[in-house]
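This is what each chain is made of:
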Amino acid sequence: MINDLWYKNAVIYCLSVETFMDANGDGVGDFQGLMRRLDYLAGLGVTALWLMPFQRSPGRDDGYDVSDYYAVDPRYGTLGDFVEFTHAAKQRGLRVLIDLVVNHTSDQHPWFQSARQDPASPYRDWYVWSDKKPKNADKGMVFPGVQETTWTWDDKAGAFYFHRFYDFQPDLNTANPLVQAEILKIMGFWIQLGVSGFRMDAAPFVISAKGPDVGDEPALDYDMLRTFREFLQWRQGDAIVLCEANVLPDTDMDYFGDDGERMQMMFNFQVNQNLFYALASADTRPLAKALKATAKKSSTGQWGMFLRNHDELDLGRLADDQRQTVFQAFGPDPGMQLYDRGIRRRLAPMLEGGQRRLELAYSLLFTMPGTPVIRYGDEIGMGDDLSLPERNCARTPMQWSGEPQGGFTKSDKPVLPVIADGPYGFGHVNAAEQRRQPGSLLNWTERIIRMRKEVPEIGWGTFEVLRLRDPAVLAVRYAWRRNHVLCVHNLSHAPREVSIDVGLGDEDGRLLVNLLGDEHSRADERGRHTLLLEAYGYRWYRIGGLDYLLRRSEI
Ligand code: GLC
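Report on the accompanying structure. Counting restarts for each chain, with residues numbered from 1 along the sequence as it is written. Local features in this predicted model are restricted to residues of pLDDT 70 or higher, and side-chain atom pairs are both shown and tallied only at a pLDDT of 80 or more, whereas totals for entire chains, interfaces and linings draw on every residue. To get the side-chain values, take all heavy atoms of the structure and skip hydrogens and water.

### Let's talk about the overall build of the chain
Then, number 1: Secondary structure elements are defined from DSSP: runs of H or I of at least 4 residues count as helices, runs of E of at least 2 residues count as strands, and each element is numbered from the N terminus. A tally of helices and strands in the chain yields 18 helices and 24 strands.
Then, number 2: Computed over C-alpha atoms, the radius of gyration of the chain comes to 24 Å, within 12% of the 24 Å expected from 2.2 N^0.38 for 555 residues, which places it in the range of a compact globule.
Then, number 3: For every residue, the accessible area (1.4 Å probe, protein chains only) is compared with the maximum for its type, and the residue is labelled buried under 20%, exposed over 50%, or partly exposed between those bounds. Taking all 555 residues of the chain together, the buried fraction comes to 62%.
Then, number 4: By the convention used here, residues are in contact when the closest approach between their heavy atoms is within 4.5 Å. A sequence separation of at least 24 residues applies to 68% of the contacts in the chain between residues at least 6 apart.
Then, number 5: Here the accessible surface of atoms and residues is derived via Shrake-Rupley with a 1.4 Å probe, and residues count as covered only by protein chains that are part of the display. A total accessible area of about 21,800 Å² is found for the chain, and carbon and sulfur atoms account for 48% of it.
Then, number 6: In this tally Asp and Glu are treated as negative and Lys and Arg as positive; neither His nor the chain ends contributes. Working definition for charges: the position is that of NZ of Lys, CZ of Arg, CG of Asp or CD of Glu. Charge centroids of the chain, computed over 63 positive and 76 negative side chains, lie 3 Å from each other. The atom set for the radius of gyration is the C-alpha atoms, and the globule formula is 2.2 Å times the number of residues raised to the power 0.38.

### Here's the deal with helix 8 (residues 223-235)
Then, number 1: Multiplying 1.5 Å by the helix residue count minus one yields the expected span of that helix. Taking 1.5 Å as the rise per residue, helix 8 with 13 residues should run 18 Å; its terminal C-alpha atoms sit 19 Å apart, in good agreement.
Then, number 2: Burial in helix 8 covers these residues: M224, L225, F228, R229, F231, L232 and Q233.
Then, number 3: Tucked into the core, helix 8 has its buried residues touching helix 6 (177-192), strand 9 (197-200), helix 7 (203-206), strand 10 (240-243) and helix 9 (252-256).

### Structural notes on the side chain of Q322
Then, number 1: With respect to the helices, strands and loops of the structure, Q322 is situated in helix 12 (residues 320-330).
Then, number 2: For Q322, a relative accessible area of 16% puts it in the buried group.
Then, number 3: When sequence neighbours within four positions are dropped, the list of residues in contact with Q322 reads Y277 and P286.

### Here's the deal with the pattern of salt bridges
Then, number 1: By definition here, a salt bridge exists when the distance from a side-chain nitrogen of Lys or Arg to a carboxyl oxygen of Asp or Glu is within 4 Å. Under the defined criterion, the tally for this structure stands at 32 salt bridges.
Then, number 2: When the shortest N-O distance is used, the salt bridge between R199 and D201 registers 2.8 Å.
Then, number 3: You can call R199 buried: its relative accessible area is 1%.
Then, number 4: Between D311 and R391 there is a salt bridge whose closest N-O contact spans 2.9 Å.

### Describing the sheet that holds strand 15 (residues 342-343)
Whenever strands of a sheet pair, they do so through backbone hydrogen bonds, lying parallel or antiparallel.
Then, number 1: Taken in spatial order, the three strands line up as 13-15-14 in an open sheet, and their pairing is antiparallel. Here the strands that pair on one side only, and so sit at the sheet edges, are strand 13 (313-314) and strand 14 (337-338). Strands are labelled as partners when DSSP assigns at least two bridges between them.

### Quick notes on the site of the ligand
Then, number 1: Around the ligand, the neighbouring residues are D61, Y64, H104, F143, F165, R199, D201, E244, H310, D311, R391 and R395.
Then, number 2: The side chain of D61 places a nitrogen or oxygen atom 2.6 Å from an oxygen atom of the ligand.
Then, number 3: Think of a polar contact as two N or O atoms within 3.5 Å of one another; within protein, one of them needs to be a possible hydrogen donor and the other a possible acceptor, and neighboring residues in sequence only count if both atoms come from side chains. Contact distances for the ligand include 2.9 Å between an oxygen atom and a side-chain N or O atom of R391.
Then, number 4: Contact with the protein chains removes 96% of the 310 Å² of surface that the ligand exposes when unbound.
Then, number 5: Here the shell around the ligand is composed, by residue class, of three nonpolar, two polar and seven charged. The nearness test applies per residue and asks whether one of its heavy atoms lies within 4 Å of the molecule or strand. In this count, Pro and Cys sit with the nonpolar residues alongside Ala, Val, Leu, Ile, Met, Phe, Trp and Tyr, while Asp, Glu, Lys and Arg are called charged and the others, Gly among them, polar.

### Focus: the packing of aromatic side chains
Then, number 1: Between 30 and 60 degrees the pair is tilted, below 30 it is stacked and above 60 it is edge-to-face, where a pair is any two Phe, Tyr or Trp rings, Trp via its six-membered ring, whose centres lie within 6.5 Å. For the structure on display, the rule yields 39 aromatic pairs.
Then, number 2: When the centroid spacing of 5.0 Å and the interplanar angle of 80 degrees are considered together, the rings of F82 and W190 count as edge-to-face. One end of the pair, F82, is in helix 4 (residues 79-91); the other, W190, is in helix 6, with 108 residues separating them in the sequence. Here F82 matches W190 in class, with each residue buried.
Then, number 3: Taking 5.8 Å as the distance between ring centres and 10 degrees as the angle between the ring planes, the aromatic pair formed by F112 and W129 counts as stacked. Here F112, found in helix 5 (residues 110-117), pairs with W129, found in strand 6 (residues 129-130); they are 17 residues apart in sequence, far enough to count as distant. The same class applies to F112 as to W129, namely buried.
Then, number 4: Pairwise contacts between aromatic rings join F31, F54, Y70, F82, F85, F189 and W190 into one cluster.
Then, number 5: Our definition puts a charge over a ring when NZ of Lys or CZ of Arg is within 6 Å of the ring centre and also within 35 degrees of the ring normal. Seen from the ring of W400, R37 lies directly overhead, with NZ or CZ sitting 4.5 Å from the centre.
Then, number 6: Seen from the ring of W129, R124 lies directly overhead, with NZ or CZ sitting 4.6 Å from the centre.

Structure below.
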């Protein structure tokens, strides 16, 4: 059995087939289109793709409302196209992860249709019902302001059904062994078609107790995660689950499992929120704290690190004043905010487009101790369209060129409007043009990905946040197999000088070899390095300077 921990040092690129590339000219992205862009993705250097849901769906929550888990939505292609795609990705060394949305189905799913029509339906117990409206029906909504309740009356069923998300997304009764068996079957199906794993949507809700009598703090069946993992590993040793779980650090190990017997990967929401606070305030201390709080993981576990994703930037775990600081800096208008807790914009407009600051943000992301997950369009600094509702503003089609519709489609009716006007319009921001400019964000991203792959210490090693006097500067030292790397970031808009003792105490610490430029650093007689970082400056150094490959061969 292959048990390769490939995800420890991967670079994951997330995209939606629907808005990536349309090959047949109907305005909707498709697998044929995505296939034509695989060389672009391989060239960028990413090693794995995460596809948002593409299964058959009425599309009321951008595919997160699945009506058939075993079919490709016809708008995107066929199962045949999907297999061609996974094959073509494999040929280029790209792994494929797909969303696994099994907390709920669409209300159009035949299981729900059968369940609601007849109390004797074999699918009745696949969902969660109540005769009376439960007391906490107006609590626990995931989309406050848009969603009013978590229990909705269904006339046909003659009962209320539970839905953690929108009312058209009835929750599956995941405690039902038949539902659990079906989830395994779904995983087994897609594994067979060539995927390397799943991003498990809404994982804490999948394993949560559900029902009318469940209180505000439902019990969680973490062991369910072990059964998912075991099944996957038995089927295909290198397949993984990447959990979407926005939880507090003290439950992280419940998800990873003390012996790594549960999920291989989790998104690090704690670091994500504090990273945005650090960018907004130039105070890196809470970020350092979040890094320490989430330092523990199982030996085979790994964090998925990210900046923005397809949802709102959820700031719900920050203290109120911290959240206000981020709102003020990056989303001051109420129209930029969402669900009382987050910001719905894309990264570039939040950071006001300056490439220097975007580079800083991405350099930080790529040096967070984990596996970076980037989002389509961010490599060229795409903007958002705040006239679109909720999270759609940051889901506009990829801007490939200066041609009509940004080269996304030949149709004049794209599935979501392409950003055409203003500084982020496709005339200014597109992949074709950035490809030709050596200093573009696209080419910078390609170079930083190449370097990230050459610094496996970040993904594999242990790390330590070095103590500095200046809270605007974050210095992290990584260690793996007797190799050491130091990354330093200045989050301030002003230049900063810092004095650093890399803390290795031997000859090694005297030389810092700059991996991104040619100004190296030699320690003074006290063994300290004085580094001058320009506004939003960042440095990656190999401590001691020996190439890790040389070092490895010594071991
Ligand atoms: C997750 C997804 C989000 C979706 C929700 C319901 O939070 O990231 O996009 O709306 O689950 O499936």
